[in-house]
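Below, each chain spelled out in residue letters.
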Amino acid sequence: MSAEIIDGKAIAKELRATLKSEVEELVDDHGITPGLAVVLVGEDPASQVYVRNKHRACERAGIATRDIRMDEDATHQEVMDAVQELNNDPNIHGILVQLPLPDQIDEEEVLNAIDPAKDVDGFHPFNLGMLLSGQPTFVACTPKGVMHMIDEMGIDLTGKEAVIIGRSTIVGKPQALLLLYRHCTVTICHSRTQDLAEHCRNADVLVAAVGRPHMITGDMIKPGATVIDVGINRLEDGSLVGDVDFDSAVEVAGAITPVPGGVGPMTIAMLLRNTVDAARRAAGL
Ligand code: NDP
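An account of the accompanying structure is given in this report. In every chain, residue numbers begin from 1 and rise along the written sequence. Local features in a predicted model are, by the rule used here, given only for residues with pLDDT of at least 70; side-chain atom pairs are given and counted only at 80 or more, and totals for whole chains, interfaces and linings are based on all residues. Working from all heavy atoms in the structure, the side-chain values ignore hydrogens and water.

**Observations regarding the packing of aromatic side chains**
Link 1 in the chain: For Phe, Tyr and Trp, where Trp contributes only its six-membered ring, two rings pair if their centres lie within 6.5 Å, and the inter-plane angle classes them as stacked under 30 degrees, edge-to-face over 60, or tilted in between. For the structure on display, the rule yields zero aromatic pairs.
Link 2 in the chain: Sitting over the ring of F138, R281 keeps its end group 4.6 Å from the ring centre. For a ring to carry a charge above it, either NZ of a lysine or CZ of an arginine must fall within 6 Å of the ring centroid while also lying within 35 degrees of the normal to the ring plane.

**So, the sheet that holds strand β7 (residues 205-208)**
Link 1 in the chain: Strands sit in the order β1-β11-β8-β7-β5-β6 across an open sheet of six strands; the sheet is parallel. A strand with exactly one partner marks an edge of an open sheet, and here the two such strands are β1 (4-5) and β6 (185-189).
Link 2 in the chain: In terms of strand pairing, β1 meets strand β11 (residues 255-256) through two bridges, oriented parallel. The residue of β11 that forms the bridge with E4 is A255. Note on pairing: two strands pair once DSSP finds at least 2 bridges between them. A helix here means a DSSP run of H or I that spans at least four residues, while a strand means a run of E at least two residues long, and both kinds are numbered starting from the N terminus.

**Considerations on the packing of helix α6 (residues 141-152) against helix α10 (residues 263-282)**
Link 1 in the chain: Between the N-to-C directions of two axes lies an angle of 0 to 180 degrees, each axis being a line fitted to C-alpha atoms and, for a helix, fitted only over the stretch in contact. Two elements in contact, α6 and α10, have axes separated by 8 Å at closest approach and are oriented at 105 degrees. Taken as axis vectors, α6 and α10 run roughly perpendicular relative to one another. Taken together, the residues of α10 that come into contact with α6 (itself represented by C141, T142, K144, G145, V146, H148 and M149) are V263, M266, T267, M270, L271, R273, N274 and D277.
Link 2 in the chain: Residue polarity follows a fixed list, in which Ala, Val, Leu, Ile, Met, Phe, Trp, Tyr, Cys and Pro are nonpolar, Asp, Glu, Lys and Arg are charged, and the others, Gly among them, are polar. Residue composition of the contact of α6 with α10, grouped by class: seven nonpolar, five polar and three charged. To sort the angles, those under 35 degrees are grouped as roughly parallel, those over 145 as roughly antiparallel, those from 65 to 115 as roughly perpendicular, and the leftovers as oblique. Any pair of residues with heavy atoms lying within 4.5 Å of one another is described as a contacting pair.

Next up, the structure:
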């Protein structure tokens, strides 16, 4: 039996339409246009594509964008100054620093300099702490997008075994907390995990966030499981694939996200969600 395909593109499109109406309401009723600033340092081609996609999605939703482009050899202080200026700008409600940053820039210090009230990526220690303490403010866009997809699919999480592969601060750890808050029994696997396949086979909900093409194969999946593939890997022939071997997994899983067209579009939609929420909060709404 073939799994149900979780159409991230369609779910994201629906969410973006809702956000567009929310933005129209903010503009018409309160005179507030949500604003997102993106800081891009250097010429990394993948980052440029991501930034372009984020801008386009914002524009379609009526969110104003500001692009801060800095040279590859920009100094740490110059980037810090740019962040500070955006922190002080009342027209900017969300600030996103596109990663990775060049080596001369202390990434952690830059991310920590973003005003937590404008931290639409949810990477600031304040927002991470709020998530840990169960009072989430801004939650990282990818794990938040995964939860939205699961909810849209009507998948019941209570009491389910959730296994997350990857323990990054951007995806794996916040994902684990979000699933825990929804009463899953959560296991986090990583590069030192012994017998990864055995853990995976126990999962009712399996989230792969590693960055290794095709590492999760159908024989590692529990029949009927929900499989969420966060990984984005570019193969030598230029094609994009996830961490899950889709062809074998689709035969076993109950529901599965494709790559592309799964988690990726949700991440961008959640960035818009967080920016609109930031604008609302800034206005005390
Ligand atoms: P990181 O490199 O920060 O984390 C990868 C994790 O995978 C680490 O915890 C690492 O373990 C673990 N890992 C590596 N090798 C193995 C292995 N053999 N077995 C088990 N675990 C392993 O990556 P990110 O979390 O930032 O991103 C993960 C993937 O998701 C990437 O492909 C990225 O491109 C993609 N991504 C996609 C997004 C989207 O919108 N769809 C958004 C963000 C990321 P350890 O900690 O022990 O090193």
